[in-house]
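# Geometric and topological summary
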There are 2 protein chains.
Amino acid sequence: MDRTMILDAYDPQCPIRNILARMSDKWSLLVIYTLTQTDKMRFRDLRHAIPDISQKMLTVTLRTLEEDGFVKRTIYPEVPPRVEYALTERAVSLFPHINSLIIWAKENMDNIISDRKKDKIK
Amino acid sequence: MDRTMILDAYDPQCPIRNILARMSDKWSLLVIYTLTQTDKMRFRDLRHAIPDISQKMLTVTLRTLEEDGFVKRTIYPEVPPRVEYALTERAVSLFPHINSLIIWAKENMDNIISDRKKDKIK
DNA sequence: CCGGATCCCGTATGATACTG
DNA sequence: CAGTATCATACGGGATCCGG
């Protein structure tokens, strides 16, 4: 097992904890994943792709991702307005790590869910 | 970029989303990380290792991790009681993926925090 | 010493209506 | 179309007390 030390991992202000915390909200990973499917998407396309996200949370999530440099937002001064979202290079470099987590989850989900049910029977 | 499809990723009941959501709460990853540092730890050792976790949240986090088969809990019927926690094979197999995320965060945190500040000035 | 039970608060999230 | 504004709510998480 890799036991690489993380400096200050136990400091509540640890930037790594901070970054991981911001990526692990309810929607961020799913929005990033969705944007990997196409090079750029409009706001309404994202809403359509993620049926159960509210308009507000999509806006909030996109703004946070933009602040952290994961998403590039492009406004076209047209009527009606058009706004396109695309992943940045930073997000592209992050995605393989997320994807390896997803693949692990896919391989293990059946056993995990099975374990949970066992506990409930006890 | 890897565009491997996730079946039902947009189903709110998607097990992968469920599992990722449960792993991405405030403490789970840090507790798993802490348990990689030693083969087994007592409750109070974990509290000591993670100074800012409350007793309740450590209990809740450990129970959830146990339910999902990430942690093995061993109670020794002694007085005073002794309870030891250790990672399961499942958690050991998960850790490299978490660690790759941590390493990515370590490499990118300075730039991300710098970007955030830029946005605030605007 | 371990950790369960209870109470409480702030933030994250959601529903709805409105606007440039 | 792409949001804002407002109001409502659920849940995570902390403080404290209690019990085996």
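Scroll up to find the structure this text is about.
Residues numbered from 1 in each chain as written. Chains lettered and ligands numbered in written order. Predicted model: local features only at pLDDT ≥ 70, side-chain atom pairs only at ≥ 80, totals over all residues. Heavy atoms only, no water.

## Topic: the relation of the copies chain B and chain A
Each copy superposes on the other: chain B lies on chain A with an RMSD of 0.1 Å after a rotation of 180° and an axial shift of 0.0 Å. Overall, the copies show the geometry of a two-fold rotation axis. Considering only C-alpha atoms, the residue of chain B closest to the rotation axis is B:Ser24, which sits at 2.7 Å. An overlap of 100% is found between the interface residues of chain B and their copies at the interface of chain A, pointing to a shared contact surface. (Least-squares fit on C-alpha atoms with pLDDT ≥ 70 in both. Contact = heavy atoms within 4.5 Å.)

## A short note on the packing of aromatic side chains
Taken as a whole, this structure holds five aromatic pairs over all chains when the rule is applied. Centre to centre, the rings of A:Tyr33 and B:Tyr10 are 6.2 Å apart; their planes meet at 40°, and the pair counts as tilted. Residue A:Tyr33 is found in helix H2 (residues 28-37), and its partner B:Tyr10 is found in the segment before helix H1 (15-23); the two belong to separate chains. Measuring from ring centre to ring centre gives 6.0 Å for A:Phe70 and B:Trp104, while their planes differ by 25°; the resulting arrangement is stacked. Here the residue A:Phe70 occupies a position in the loop between helix H4 (55-67) and strand S2 (71-76), and B:Trp104 occupies one in helix H5 (residues 89-121), the pair thus bridging two chains. Accessibility classification places A:Phe70 together with B:Trp104 in one group, the buried group. (Phe/Tyr/Trp six-rings, centres within 6.5 Å; stacked < 30°, edge-to-face > 60°. Helix = DSSP H or I, 4+ residues; strand = E, 2+ residues; numbered from the N terminus. Buried < 20%, exposed > 50% of the residue type's maximum accessible area, 1.4 Å probe, protein only.)

## Details of the protein's contact with DNA strand D
Not every one of the 17 residues close to DNA strand D is listed here, only the nearest: A:Gln55, A:Arg73, A:Tyr85, B:Lys26 and B:Lys56. Restricting attention to atoms of DNA strand D within 4 Å of the protein, one finds that 60% of them are sugar or phosphate atoms. Take A:Arg73: an N or O atom from its side chain is 2.4 Å from a phosphate oxygen of DNA strand D. Elements supplying a minimum of two residues to the surface near DNA strand D: helix H3 (43-49), H4 and strand S3 (82-87) of chain A together with helix H4 (55-67) of chain B. Tallied by class, residues from the surface near DNA strand D come to eight nonpolar, three polar and six charged. (Near = heavy atom within 4 Å. Polar contact = N/O pair within 3.5 Å; in protein donor to acceptor, adjacent residues only side chain to side chain. Nonpolar A, V, L, I, M, F, W, Y, C, P; charged D, E, K, R; others polar.)

## A few points about the packing of helix H2 (residues 28-36) of chain B against H4(B)
Residue and element names in this part refer to chain B. In contact at an axis separation of 10 Å, H2 and H4 are set at 80° when each is read in the N-to-C sense. Here H2 is positioned roughly perpendicular relative to H4, judged by the angle of their axes. The segment H2 lies against H4, with Ser28, Val31 and Ile32 engaging Leu58, Thr61, Leu62 and Leu65. Tallied by class, the residues present in the contact of H2 with H4 amount to five nonpolar, two polar and no charged. (Axes fitted to C-alpha atoms, helices over the stretch in contact; angles between N-to-C directions. Parallel < 35°, antiparallel > 145°, perpendicular 65-115°, else oblique.)

## Notes on the environment of A:Asp115
Its place among the elements puts A:Asp115 in helix H5 (residues 89-121). Only 2.8 Å separates the side chain of A:Asp115 from the side chain of B:Arg90, close enough to count as a polar contact.

## Details of the pairing of S3(A)
Residues and elements named next belong to chain A. Burial analysis of S3 places five of its six residues in the buried class, the great majority of the element. Across two bridges, the pairing between strand S1 (residues 41-42) and S3 is antiparallel. The partner of Arg42 across the bridge, within S3, is Glu84. Two elements, S2 and S3, share six bridges in a ladder whose sense is antiparallel. By the bridge assignment for S3, Ile75 is matched with Val83. Count of turn residues in the S2/S3 antiparallel hairpin: five residues. (Pairing = 2+ DSSP bridges.)

## Let's talk about the interface of chain B and chain A
Taken together, the contact between chain B and chain A spans 55 residues of the former and 55 residues of the latter. Taken together, the two surfaces of chain B and chain A that pack against each other cover about 5,500 Å², and 62% of this comes from carbon and sulfur. Our count for the contact surface shared by chain B and chain A stands at three salt bridges. Across the salt bridge formed by A:Arg90 and B:Asp115, the nearest N and O atoms sit 2.8 Å from each other. Counting across the chain B and chain A interface gives eight residue pairs in polar contact (both at pLDDT 80 or more). Elements with a minimum of two residues in the side of chain B that touches chain A: H1, H2, H4 and H5 of chain B. (Buried area = accessible area lost by both parts, 1.4 Å probe. Salt bridge = Lys/Arg side-chain N within 4 Å of Asp/Glu carboxyl O.)

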